[in-house]
Amino acid sequence: MIKNLRKRFIFAAMASTFGVLLVIMSILNVANYYRMVSRADETLTELGDNNGRFDSGDFVKKKPDITTDDGLVNDIKAKDDMTQPPDNPGGKYGDRFSPETPFQTRYFSVVVENGEITSYNLDNIAAVDEEEANTYASEILKDGSNLGFTDIYRYKLVINDDGERIIFVDCRQELEAFRNTLIYSVGVSLIGFLVVFMLVLFWSKKIFKPVAESYEKQKRFITDASHEIKTPLTIIDANTEVIEMVSGESEWTRNTRDQVKRLTALTNQMVALSRLDENPEPREKAEFNLSDVAYEVIDHFTSLSEVKGKKINADIQNGIIYTGDENSIRQLISILVDNAMKYAVSSEAIDITLKRDGRKVRFTLRNLAEGMEEGDQRMLFERFYRPDSSRNSETGGSGIGLSLAKSIVESHKGKITAKCDRDGYITFQIVI
């Protein structure tokens with residue numbers, strides 16, 4: 001149990017860490033990609049407004065020639081003034097572009113008239129010739145999109161005085177930077193995930209050590225107490241038998257015997273549950289006929305069902321061979337049938353089915369119960385839990401039987417569920 005609890009803690013911690021890293025990594029890379037695309041689209045918009053070119057006048061403010069008193073041009077001063085940026089850097093572009101943008105940007109454009117490519121502008125790129133430009137433009141015209149990516153180029157189709165113009169901007173460096181950021185962020189996240197996993201694995205052992213020690217003491221106490229209880233119960237039972245031999249059977253001796261049987265059964269269940277906690281694996285695994293075991297257990301309750309006025313409808317598939325602990329499985333079916341005998345409404349039958357379901361075996365028990373709410377009834381498998389309406393001495397339940405049943409099912413790598421429908425019928429289903 002402690003191992004399972006520790007595994008759940010580690011899983012929850014790592015799932016949370018993975019989620020946080022995934023969110024951070026996604027936000028970082030999505031923002032980076034959006035910035036790259038936004039920058040490329042701004043450049044395409046500017047090129048589209050100027051017929052596929054940058055307007056250099058918006059980047060450099062030209063000044064008149066500067067001459068000396070003797071009429072000679074001061075070349076040095078004139079040159080400096082010609083290359084100085086304007087008072088508003090970037091001209092009308094503001095902070096979007098720098099004066100170096102026209103020289104750093106690789107771009108080309110293709111003019112299209114009536115669906116036919118008529119001319120190219122390849123002056124600002126060396127990696128593309130007319131044939132490649134024609135190929136790119138033809139693919140875009142065929143696709144029918146106005147904006148997007150083709151290979152490493154971001155493109156946009158604009159309409160101007162020349163007709164339709166497809167402008168391409170080289171995004172090789174931006175795409176490489178984006179890919180590198182993506183790879184590095186994934187790599188760093190994986191390393192961080194592994195480091196956190198190692199830390200959680202180490203500290204979880206420290207954290208759960210006191211819990212494990214406390215749980216071990218609890219199990220040891222239950223086992224020791226159960227064995228200690230058996231001795232006085234045996235003596236009480238023997239003394240009751242002697243009293244009956246001397247004075248005859250009476251209401252008091254019968255009541256004493258019933259309580260001794262009840263305490264003995266509870267003690268045995270507690271010992272079995274404690275053993276399953278210590279060693280969840282079945283003690284003895286062997287092939288046996290599960291159908292025959294189910295028939296035998298149900299037959300044992302036949303006389304009891306007649307006394308209580310309850311009917312059992314059994315639909316058992318013959319010849320089901322199962323590999324597991326036969327005694328535990330026998331006890332499991334007995335617990336469920338006994339539980340139905342105690343709490344099922346007498347007017348309705350108890351339906352039991354056992355079927356082969358692929359590689360698994362499905363056991364189902366359904367009966368009408370009073371005071372049960374609609375929905376999942378997983379709390380029934382908690383130790384010493386019983387619905388309020390059943391807390392009376394007539395049923396004789398201890399609230400530990402279904403907990404033992406769950407432990408038996410889990411020891412066989414199976415699953416047990418309890419659900420109640422709107423009509424009050426509760427269904428126990430086991431898949432092993």
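Owing to the predicted nature of the structure, the values given are computational and were not obtained by experimental measurement.

### Quick notes on the overall build of the protein chain
Summing up its helical and strand segments, the protein chain has ten helices and 13 strands in all. Long-range pairs, those at least 24 residues apart, make up 67% of the contacts in the protein chain between residues at least 6 apart in sequence. When the accessible surface of the protein chain is summed, it comes to about 26600 Å², and 53% of that surface belongs to carbon and sulfur atoms.

### Let's talk about the pairing of strand E13 (residues 425-431)
Sheet analysis places strand E10 (residues 360-368) next to E13, joined by seven bridges and oriented antiparallel. Note that in E13 the partner of Arg362 across the bridge is Val431. In the sheet, strand E12 (residues 415-420) pairs with E13 via six bridges, with the strands oriented antiparallel. Across the sheet, residue Thr417 finds its bridge partner in E13, namely Gln429. Between the end of E12 and the start of E13, which pair antiparallel, lie four residues, with Gly424 showing a positive phi angle near 95°.

### Side note on empty space enclosed by the protein
In the structure shown here, the tally under the stated rule is one cavity of 30 Å³ or more. Computed from the structure, the largest cavity encloses a volume of approximately 60 Å³. Considering the residues around the largest cavity, the lining is formed by Leu290, Ile329, Leu332, Ile333, Leu354, Val361, Phe363, Ile430 and Ile432. Contributing elements (two or more residues each) for the lining of the largest cavity: helix H9 (326-343) and E10. Looking at the lining of the largest cavity, the element that brings in the most residues is H9, giving three residues. A class-by-class count of the residues in the lining of the largest cavity yields nine nonpolar, no polar and no charged.

### Describing the packing of aromatic side chains
Two numbers describe a pair of aromatic rings. These are the distance of the centres and the angle of the planes. Summed over all chains, the structure comprises twelve aromatic pairs. Each ring, one from Phe9 and one from Phe208, has its centre 5.6 Å from the other, and the planes form 65°; the classification is edge-to-face. In this pair, Phe9 sits in helix H1 (residues 2-49) while Phe208 sits in helix H5 (residues 172-247), placing the two residues 199 residues apart along the sequence. Arranged with centres 4.5 Å apart and planes meeting at 10°, the rings of Phe108 and Phe168 form a pair that is stacked.

### So, the pattern of salt bridges
Considering all chains together, one arrives at eleven salt bridges under this definition. Close ionic contact of Arg330 with Glu296 constitutes a salt bridge, the shortest N to O distance being 2.6 Å. With Arg330 in helix H9 and Glu296 in helix H7 (residues 290-300), the pair connects residues that are 34 residues apart, well separated along the chain. For Glu296, a relative accessible area of 38% translates into the label partly exposed. Shared partners join several salt bridges into a network, and the residues in it are Asp237, Glu244 and Arg257.

### Digging into the sheet that holds strand E1 (residues 107-113)
The strands making up a sheet are joined through hydrogen bonds of the backbone, oriented either antiparallel or parallel. The strand order across the open sheet formed by five strands is E2-E1-E5-E4-E3, and the pairing between neighbours is antiparallel. Edge strands, defined here as strands with exactly one partner in the open sheet, are strand E2 (116-121) and strand E3 (147-150). In this sheet, neighbouring strand axes are inclined to one another by 25° on average, regardless of whether the strands run parallel or antiparallel. As judged from the four bridges shared by E3 and strand E4 (residues 153-160), these two strands associate in the antiparallel manner. Each bridged residue has a counterpart across the sheet, and for Phe149 the counterpart in E4 is Arg154.

### Focus: the nonpolar core
Core analysis: the largest hydrophobic core is formed by 45 residues, its most contacted members being Leu290, Ile333, Ile352, Leu365 and Phe428. Of all the elements, H9 adds the most residues to this core, at eight residues. Leave out the neighbours within four places in its chain, and Ile352 touches Ile298, Ile312, Asn313, Ala314, Asp315, Ile316, Val337, Phe363, Thr364 and Leu365. Core analysis: the second largest hydrophobic core is formed by 29 residues, Met36, Phe108, Ile125 and Tyr136 among them.

### Description of the pairing of E10
Bridge analysis of strand E9 (residues 350-357) against E10 gives seven bridges, and the strand direction is antiparallel. Among the inter-strand pairings, Thr353 is bridged to a residue of E10, identified as Thr364.

### Considering unusual backbone geometry
A positive phi is found at Asn51, a non-glycine position, where the angle reads about 55°. Note that Asn51 resides in the loop between H1 and helix H2 (75-83). If you check the backbone angles, Asn114 has positive phi at about 55° while not being a glycine.

### Some points on H5
Over its 76 residues, H5 extends 105 Å from the first C-alpha to the last, a length consistent with the 112 Å expected when each residue adds 1.5 Å. In the structure, H5 departs most strongly from a straight axis at Phe208, where the bend amounts to approximately 40° and where the proline Pro210 lies between one and four residues downstream. Two residues or fewer past H5, Gly248 is found with a positive phi of approximately 90°.

### Some thoughts on the confidence of the model for the protein chain
With 84% of its residues at a pLDDT of at least 70, the protein chain reaches an overall mean of 81. Low pLDDT (under 50) marks residues 59-68, which in the prediction has 26 contacts with non-local residues, meaning those over four places away or in another chain. In this model residues 389-393 is a low-confidence stretch, pLDDT under 50, and it forms seven contacts with partners more than four residues away in sequence or in other chains.

### Some points on H7
Within H7 the residues assigned to the buried category are Leu290, Ser291, Val293, Ala294, Val297 and Ile298. Each buried residue of H7 lies within a common arc of 160° when the element is viewed along its axis, so the set occupies one face. Between a side-chain oxygen at the N-terminus of H7 and the backbone nitrogen of Ser291 the separation is 3.1 Å; the capping residue is Asn289.

How each quantity is defined
- Residues numbered from 1 in each chain as written.
- Predicted model: local features only at pLDDT ≥ 70, side-chain atom pairs only at ≥ 80, totals over all residues.
- Heavy atoms only, no water.
- Helix = DSSP H or I, 4+ residues; strand = E, 2+ residues; numbered from the N terminus.
- Contact = heavy atoms within 4.5 Å.
- Areas by Shrake-Rupley, 256 points an atom, 1.4 Å probe, with all protein chains shown as cover.
- Pairing = 2+ DSSP bridges.
- 1 Å grid on protein atoms, 1.4 Å probe; cavity = no way out; pocket = protein on both sides within 12 Å on 5 of 7 lines; lining within 4 Å.
- Points joined across faces, edges and corners; volume = space filled by probe spheres on them.
- Nonpolar A, V, L, I, M, F, W, Y, C, P; charged D, E, K, R; others polar.
- Phe/Tyr/Trp six-rings, centres within 6.5 Å; stacked < 30°, edge-to-face > 60°.
- Salt bridge = Lys/Arg side-chain N within 4 Å of Asp/Glu carboxyl O.
- Buried < 20%, exposed > 50% of the residue type's maximum accessible area, 1.4 Å probe, protein only.
- Axes fitted to C-alpha atoms, helices over the stretch in contact; angles between N-to-C directions.
- Core = buried A, V, L, I, M, F, W, Y, C linked by side-chain atoms within 4.5 Å.
- Expected span 1.5 Å × (residues − 1).
- Bend = angle between axes of the 7 residues up to and from the residue.
- pLDDT = per-residue confidence, 0-100.
- Arc of directions from axis to C-beta.
- Polar contact = N/O pair within 3.5 Å; in protein donor to acceptor, adjacent residues only side chain to side chain.

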